[in-house]
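Descriptive structure summary
If you want the building blocks of each chain, they are given just below.
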Amino acid sequence: MTARLQNAPRSRGETRDLAEEIIYLDDLISFYNAWKTFWQTWLQEHLQGKKLPRRAEQIVLQALHGPEARVPQPQKARWHGLQASCHEILHQLQIHSEEASKNCPIPELVPVIDAASALEQQCFEDIVAFSKNLGEIDTLTNLPNRRRMEQDIVREQTLVDRGANGSIAMIDVDHFKAVNDTYGHPAGDTILREIARRLRTALRHYDGLYRYGGEEFLAIFPGLDNECALLAAQRLCRTVAADPFQAADGHLLTITVSIGITALAHHTSPEERMAIADVALYRAKQGGRNQVRLIP
């Protein structure tokens, strides 16, 4: 199997998740803004004895139901929950609006006011959470970025301090500058995306894989000792080199990676172990590339 380097679109699997998350965040913000406008309008007009502000209500319903078909599958239950909460609040507000002329006591409005405030707060928290998540994703490879890596490696170090095993691997694409110089940066970007995909497929679902920077990646192997981590890293090397990449001019390129690994150590900073993994990576490069070197 080959992958074209220039003008090659990202695979559906590579781009879909991130694109859907971005669209979902936009839809969530639109609903949040529509709801805030509606709620503020209702509060003002209710105090004046007016009925439900229909135009603002229509905008809320459009923002709530318009995106339904494109909501990502993992978020459908959450979105349906928003819909159910919103409709119940609107129903209760309709009842109170009809009774406004009867001077409905404020205490009777407390439950619906609380529900409306809770809905707004939930939307706000979801927006913050999704914004943070998107800020921790490398947009080229769709892998977690260095910011997320720093958080995850601290968490893994905590487990090691409690007696668990854990290893890390520094991964660098061999001769990547030559690829960029010969075929251009768009070709290099395509290679990085494909390498990220291949690495990810060769890992366990709970292993960590991050774009560390440039053509360098970092992997975290929870629960693996040195021997098992070495085998896992060798599998990564084989997976990347298994199939050639086809350049736009028809040339087939074999792309390889070099890897340095080490174990996270009891009560030792992750930064120290990453520096050791980097030394191991350097030895792999000096030893001829397309190989793994381990420093315990």
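In case you missed it, the structure is sitting above this.
Worth saying up front: this structure is predicted, and the values here are computed from it rather than measured.

1. Overview of unusual backbone geometry
Positive phi is not limited to glycine here, since asparagine 142 has a value of about 65 degrees. Mapped onto the secondary structure, asparagine 142 falls in the loop between α4 (110-134) and α5 (146-161). In this structure, asparagine 290 takes a positive phi of about 50 degrees despite not being glycine. You can see asparagine 290 is positioned in the loop between α9 (270-286) and β7 (292-294).

2. Focus: helix α8 (residues 226-241)
Taking 1.5 Å per residue, 16 residues should reach 22 Å; α8 reaches 23 Å between its end C-alpha atoms and fits that length. Regarding α8, the residues found buried are Ala229, Ala232, Ala233, Leu236, Cys237 and Val240. Seen end-on, α8 carries its buried residues on one side only, within an arc spanning 145 degrees. In α8, the exposed positions angled more than 90 degrees off the buried face are occupied by Glu227 and Arg238. Its buried side turned inward, α8 meets β1 (166-173), α7 (185-201), β3 (216-222), β4 (245-246), β6 (257-263) and β7.

3. Looking at the side chain of glutamate 156
Position of glutamate 156 among the secondary structure elements: in helix α5. Excluding its chain neighbours within four sequence positions, the residues that come into contact with glutamate 156 are Asn165, Gly166, Ile220, Pro222, Gly223 and Leu264.

4. Considering the pattern of salt bridges
One pass over the full model with this rule turns up 14 salt bridges. For lysine 285, the salt bridge identified is with aspartate 172, shortest N-O distance 2.7 Å. One end of the pair, lysine 285, is in helix α9; the other, aspartate 172, is in strand β1, and 113 residues separate them in sequence. Here lysine 285 and aspartate 172 have matching classes, each one buried. Between arginine 204 and aspartate 207 there is a salt bridge, and its shortest N-O distance comes to 2.6 Å. Assessed through its relative accessible area of 5%, aspartate 207 is described here as buried. Salt bridges here are not isolated pairs; linked through shared partners, they connect Glu136, Arg147 and Arg148.

5. Things to note about α7
Taking 1.5 Å per residue, 17 residues should reach 24 Å; α7 reaches 24 Å between its end C-alpha atoms and fits that length. When we look at burial in α7, the residues that qualify are Ala187, Gly188, Thr190, Ile191, Leu192, Arg193, Glu194, Ile195, Ala196, Arg198 and Leu199.

6. Description of the sheet that holds β6
The 5 strands lie next to each other as β2-β3-β1-β6-β7, forming an open sheet whose pairing is mixed. At either margin of the open sheet sits one strand with a lone partner, and together these are β2 (208-213) and β7. Between one strand axis and the next, the sheet turns through 20 degrees on average, direction left out of account. As defined by bridge partners, β1 adjoins β3 across 7 bridges and the pair is classed as antiparallel. Bridge assignment links serine 167 to a residue of β3, and that residue is phenylalanine 221. Sitting on the sheet, α8 is in contact with β1, β3, β6 and β7, with an inclination near 165 degrees to β6.

7. With respect to the environment of glutamate 20
Structurally, glutamate 20 can be placed in helix α1 (residues 12-47). As a C-alpha pair, glutamate 20 and glutamine 73 span 53 residues in sequence and 9.6 Å in three-dimensional space.

8. Regarding the nonpolar core
Soluble globular proteins tend to bury their nonpolar side chains together. Grouped together as the largest cluster of nonpolar side chains are 35 residues, with contacts concentrated most on Ile171, Ile195, Phe217, Phe221 and Ile259. Of all the secondary structure elements, the ones that give two or more residues to this core are β1, α6 (176-183), α7, β3, α8 and β6. Not counting residues up to four positions away in its chain, the partners in contact with isoleucine 171 are Leu199, Leu209, Glu215, Glu216, Phe217, Ala219, Leu236, Val257, Ser258 and Ile259. Of all hydrophobic cores here, the second largest spans 30 residues; its members include Tyr32, Trp79, Cys86 and Leu109.

9. Notes on the packing of aromatic side chains
Throughout the structure, instances matching the rule amount to 7 aromatic pairs. Both rings, one in tyrosine 24 and one in tryptophan 79, keep their centres 5.7 Å apart while their planes meet at 65 degrees; by these two values the pair is edge-to-face. With a gap of 55 residues between them, tyrosine 24 in helix α1 and tryptophan 79 in helix α3 (residues 76-98) connect regions that are remote in the sequence. Tyrosine 24 sits in the buried class, given a relative accessible area of 1%. For tryptophan 79, a relative accessible area of 0% gives the class buried. For the pair tryptophan 35 and tryptophan 39, a centre-to-centre distance of 6.3 Å together with 5 degrees between the ring planes defines the contact as stacked. Pair noted here: tryptophan 35 and tryptophan 39 are both in helix α1, with a separation of 4 residues, about one helical turn. Side by side, tryptophan 35 and tryptophan 39 carry an identical accessibility label, which is buried. Here a set of aromatic residues connected by ring pairs shows up, and it is made of Tyr24, Phe31, Trp79 and Phe130. Taking NZ or CZ as reference, arginine 198 lies 4.3 Å from the ring centre of phenylalanine 245, over its face.

The rules behind these values
- Residues numbered from 1 in each chain as written.
- Predicted model: local features only at pLDDT ≥ 70, side-chain atom pairs only at ≥ 80, totals over all residues.
- Heavy atoms only, no water.
- Helix = DSSP H or I, 4+ residues; strand = E, 2+ residues; numbered from the N terminus.
- Expected span 1.5 Å × (residues − 1).
- Buried < 20%, exposed > 50% of the residue type's maximum accessible area, 1.4 Å probe, protein only.
- Arc of directions from axis to C-beta.
- Contact = heavy atoms within 4.5 Å.
- Salt bridge = Lys/Arg side-chain N within 4 Å of Asp/Glu carboxyl O.
- Pairing = 2+ DSSP bridges.
- Axes fitted to C-alpha atoms, helices over the stretch in contact; angles between N-to-C directions.
- Core = buried A, V, L, I, M, F, W, Y, C linked by side-chain atoms within 4.5 Å.
- Phe/Tyr/Trp six-rings, centres within 6.5 Å; stacked < 30°, edge-to-face > 60°.
- Lys NZ or Arg CZ within 6 Å of the ring centre and 35° of its normal.

Interpretation in functional terms is not warranted from these geometric data alone.
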